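# Report on the structure
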Amino acid sequence: MNIYEKFPTLENDNFLLRAVEEEDCADLLEVYSDKNALPFFNSDNCNGDNFYYSTKERMTEAVLFWKEAYKNGWFVRWAIADKTTSKVIGTIELCTLAAEGAFNNMGILRIDVKSDYEKEKKLFDIFSLITTHSFELIGCSEIITKAPIYAIERINAVKKDGFIKSDDLLIGNDGYAYNGYWIKKQK
């Protein structure tokens, strides 16, 4: 399956992962204007964007960019809908990384959620849903995700999902070295 030809929808008992749509902007504004969630967003190597969006206009611009990025085959961005509330509580980005160093050609997984979802059980439920399919979806045998040392709940969730802490640094397009990455290998 080519992920850029047919957008995959995934779900488990608690969450639905589907394409991000403009109609999600109000819910996503609650996520991306949440200052308590901001420290957990992975903006490494994103050309200075820290993913803090405090206006509907800026959120709409981001969603339109994510949709364009999908059309161009740069990355896939899912909306994470909580099935109990039907609200979008975050997004997932997945793509193959083209970078200098140890992580070249690995999948990179970014999960952004509202701060009240930054809990081990909820994060594990989301991580395990996407990682089950990630290797096949983007054709890689290893996936990295960021969980900085202060992200205790996230670290516990990724460890439970089979990620192992990496000592390697992600070398950005600008030569900057980023830390805090965890690797999961395909079984």
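The coordinates are above.
Residues numbered from 1 in each chain as written. Predicted model: local features only at pLDDT ≥ 70, side-chain atom pairs only at ≥ 80, totals over all residues. Heavy atoms only, no water.

### Digging into the overall build of the chain
Along the chain, the regular secondary structure elements total four helices and ten strands. Along the chain, helices and strands appear, N-terminal first, in the series β-β-α-α-β-β-β-α-β-α-β-β-β-β. Compactness check: the chain gives a C-alpha radius of gyration of 15 Å against a globular reference of 16 Å for 187 residues, within 12% of the reference. Considering the chain as a whole, with its 187 residues, one finds that 50% of them fall into the buried category. (Helix = DSSP H or I, 4+ residues; strand = E, 2+ residues; numbered from the N terminus. Rg over C-alpha atoms; globule rule 2.2 N^0.38 Å. Buried < 20%, exposed > 50% of the residue type's maximum accessible area, 1.4 Å probe, protein only.)

### Structural notes on the sheet that holds strand β1 (residues 10-11)
The eight strands are arranged β1-β2-β3-β4-β5-β6-β10-β7 in an open sheet whose pairing can be described as mixed. Edge strands, defined here as strands with exactly one partner in the open sheet, are β1 and β7 (164-165). Direction of pairing for β1 relative to strand β2 (residues 15-19): antiparallel, over a ladder of two bridges. Bridge assignment links Glu 11 to a residue of β2, and that residue is Leu 16. Across the face of the sheet, helix α4 (residues 152-160) comes into contact with β5 (107-113), β6 (142-146) and β10 (181-185) while running at roughly 15° to β10. (Pairing = 2+ DSSP bridges. Contact = heavy atoms within 4.5 Å. Axes fitted to C-alpha atoms, helices over the stretch in contact; angles between N-to-C directions.)

### Side note on the side chain of Lys 146
Its location among the elements puts Lys 146 in strand β6. Here Asn 179 takes part through its backbone oxygen, which lies 3.0 Å from a polar atom of the side chain of Lys 146. Apart from residues lying up to four places away in sequence, Lys 146 is in contact with Asn 42, Asp 44, Leu 109, Arg 154, Asn 179, Gly 180 and Tyr 181. (Polar contact = N/O pair within 3.5 Å; in protein donor to acceptor, adjacent residues only side chain to side chain.)

### Digging into the nonpolar core
Judged by nonpolar contacts, the single largest core of 31 residues is most densely connected at Trp 78, Ile 80, Ile 92, Leu 109 and Ile 111. Listed by contribution, the elements that provide at least two residues to this core are β2, β3 (76-82), β4 (87-96), β5, α3 (120-138) and α4. The greatest single-element share of this core, amounting to eight residues, is contributed by α3. One finds Val 31, Phe 41, Met 59 and Ala 99 within the second-largest nonpolar core, a separate group that totals 29 residues. (Core = buried A, V, L, I, M, F, W, Y, C linked by side-chain atoms within 4.5 Å.)

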